[in-house]
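So the chains spell out like this:
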Amino acid sequence: TECVSGCVCPEGLFDDGRGGCVEQKDCPCIHNNEWYSSGGKIKVDCNTCTCHKGVWECTDDVCYGTCMIYGSGHYNTFDGKFYDFDGSCEYVATQDFCGAKNSSGSFSIITENVPCGTTGVTCSKAIKMFLGVSDDSQHKSNKEYKEIQRDVGDDVQYWNRTVGLYLVIEASNGVMLIWDKKTTVFIKLSPDYKGKVCGLCGNFDDKANNDFTTRSGLQETNPLDFGNSWKQSPMCPDVTEEIKPCDLKPHRKSWAEKECSIIQSEVFKICHSKVNPHPFYEACVHDACSCDSGGDCECFCSAVAAYAQECIKAEACVFWRTPDIC
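Here the structure is a predicted model, which means the values were calculated and not measured.

Pairing is antiparallel in the open sheet, where three strands are placed in the order β5-β6-β7. Of all the strands in the sheet, the pair left with one neighbour each is β5 (41–44) and β7 (55–58). With direction set aside, neighbouring strand axes in the sheet form an average angle of 35°. Bridging between strand β6 (residues 47–52) and β7 involves four bridges; their strand directions are antiparallel. Bridging from a neighbouring strand, H52 pairs with V55 of β7.

Take a look at the structure:
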């Protein structure tokens, strides 16, 4: 289905994959199973790609990194490592106070995780954002947003605004926090922070295999040991085992699998080749089983929305919400 010279077209012309014959300069390009004419443009993350003689040519800008924390203990790091951690404490989500000289930094973001449901899984109940050495802080919890002025300083300016469902806090140091006022938080960092951050969101160095770096700088393979190292209070208990809510609530499992199957269905087909649906499906089933204290639809919807958000980042826009679904 790409532009090739062959016996189907007169000499000097190329099969355009759509039944026509064109000159090489007019060869189309394919993206997401859609054809784009020569000169057509698409956005891929923060870069623009242009179709030229059947080949995409893209700009090479360095993009903002995004870490996502959602549902009951799901993390997708800046470098795309997906893992679960159900600790009940305050943890460092990300900060630039790292390494031996961790006295110099410009921000830290702390997530306060509490049990949600009866199975022992935890959700992010509040996010605290500390900006600059002056320790100004914003605090979000249970759909509330409040500013806590700890100290007077003009190190880092910030703005907050509401965009659709989301509250957005943007700081002048290249840190952005996006919150859906429920259990989903996106942290965006400018490329200047590459390799300079640490915490549950990893180190943002474009390598997912070293994201489990503990507070003391050791590399772990176990997400529980890694997560425990980032707790803020030594008084909090360590997490010692992974919670499997569907094993604890087997009567919810078939409902959860049926609802969450939308992620692996035709609805999201154009995204499957770009973003692996499997970890998001597993996370959805996990959340739908664990949300047994009311709000089970909200848990399911947040889990599907998390996959949809990753699809949008990969330039696969999916319209999945209906009057019956979320």
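Here the structure, examined in full by the defined rule, presents 13 disulfides. The partner cysteine of C89 in its disulfide is C236, sulfur to sulfur 2.1 Å. Measuring the twist about the S-S bond at about 75°, one finds the C89-C236 disulfide to be right-handed. Of this pair, C89 sits in the loop between β10 (82–84) and β11 (90–95) while C236 sits in the loop between α1 (223–229) and α2 (245–248); the two residues are 147 residues apart in sequence, bridging distant segments of the chain. Across the disulfide, C260 is cross-linked to C284 (sulfur-sulfur distance 2.0 Å). Residues C260 and C284 share a disulfide whose torsion about the S-S bond is about -80°; that sign makes it left-handed. Taken together, the residues span a long stretch of sequence, with C260 in helix α3 (residues 250–260) and C284 in helix α5 (residues 278–290) at a distance of 24 residues. Comparing C260 with C284, the two get one shared label, buried.

For the rest of this paragraph, the subject is the sheet that holds strand β19 (residues 185–189). The sheet built from seven strands is open, its strands ordered β10-β9-β8-β19-β18-β17-β16 with antiparallel pairing. Lying at the two open borders of the sheet, with one neighbouring strand each, are β10 and β16 (158–163). Going from strand to strand, the sheet's axes swing by 15° on average, the running direction of each strand aside.

Below, the discussion takes up the nonpolar core. Counting 39 residues, the largest nonpolar core has F78, F107, I109, M129, L177, I187 and L189 as its most contacted members. Secondary-structure elements contributing two or more residues to this core are β8 (65–70), β11, β12 (107–115), β13 (122–131), β17 (166–171), β18 (175–179), β19 and α1. Listed in part, the 33 residues of the second largest apolar core include C260, Y281, F300 and C301.

Across the five residues of β19, four count as buried, placing the element largely inside the fold. Sheet analysis places β8 next to β19, joined by five bridges and oriented antiparallel. Residue pairing in the sheet places G65 in a bridge with L189 of β19. Judged from the five bridges that link them, β18 and β19 form a sheet pairing that is antiparallel.

Of all ten residues that make up β13, nine are buried, and the element is covered over most of its length. As paired strands, β12 and β13 are joined by nine bridges and run antiparallel to one another. Pairing of T111 across the sheet is with I127, part of β13. The turn joining β12 and β13, which pair antiparallel and follow one another in sequence, is formed by six residues; a positive phi near 80° is taken by G117.

Once that is clear, we can look at the packing of aromatic side chains. Per the counting criterion, the structure on display carries 13 aromatic pairs. Consider the rings of Y83 and F212, whose centres lie 5.0 Å apart with planes at 85°: the pair is edge-to-face. With Y83 in strand β10 and F212 in the loop between β19 and α1, this pair connects stretches of sequence that are 129 residues apart. The same class applies to Y83 and to F212, which are both buried. Residues F107 and Y193 carry aromatic rings whose centres are separated by 5.2 Å and whose planes lie at 80° to one another, so their mutual orientation is edge-to-face. With F107 in strand β12 and Y193 in the loop between β19 and α1, the pair connects residues that are 86 residues apart, well separated along the chain. Accessibility classification places F107 together with Y193 in one group, the buried group. An aromatic cluster of three or more residues is present, and its members are Y70, F82, F268, F280 and Y307. Sitting over the ring of F212, K81 keeps its end group 4.7 Å from the ring centre.

Conventions we followed
- Residues numbered from 1 in each chain as written.
- Predicted model: local features only at pLDDT ≥ 70, side-chain atom pairs only at ≥ 80, totals over all residues.
- Heavy atoms only, no water.
- Pairing = 2+ DSSP bridges.
- Helix = DSSP H or I, 4+ residues; strand = E, 2+ residues; numbered from the N terminus.
- Axes fitted to C-alpha atoms, helices over the stretch in contact; angles between N-to-C directions.
- Disulfide = S-S within 2.5 Å.
- Buried < 20%, exposed > 50% of the residue type's maximum accessible area, 1.4 Å probe, protein only.
- Core = buried A, V, L, I, M, F, W, Y, C linked by side-chain atoms within 4.5 Å.
- Phe/Tyr/Trp six-rings, centres within 6.5 Å; stacked < 30°, edge-to-face > 60°.
- Lys NZ or Arg CZ within 6 Å of the ring centre and 35° of its normal.

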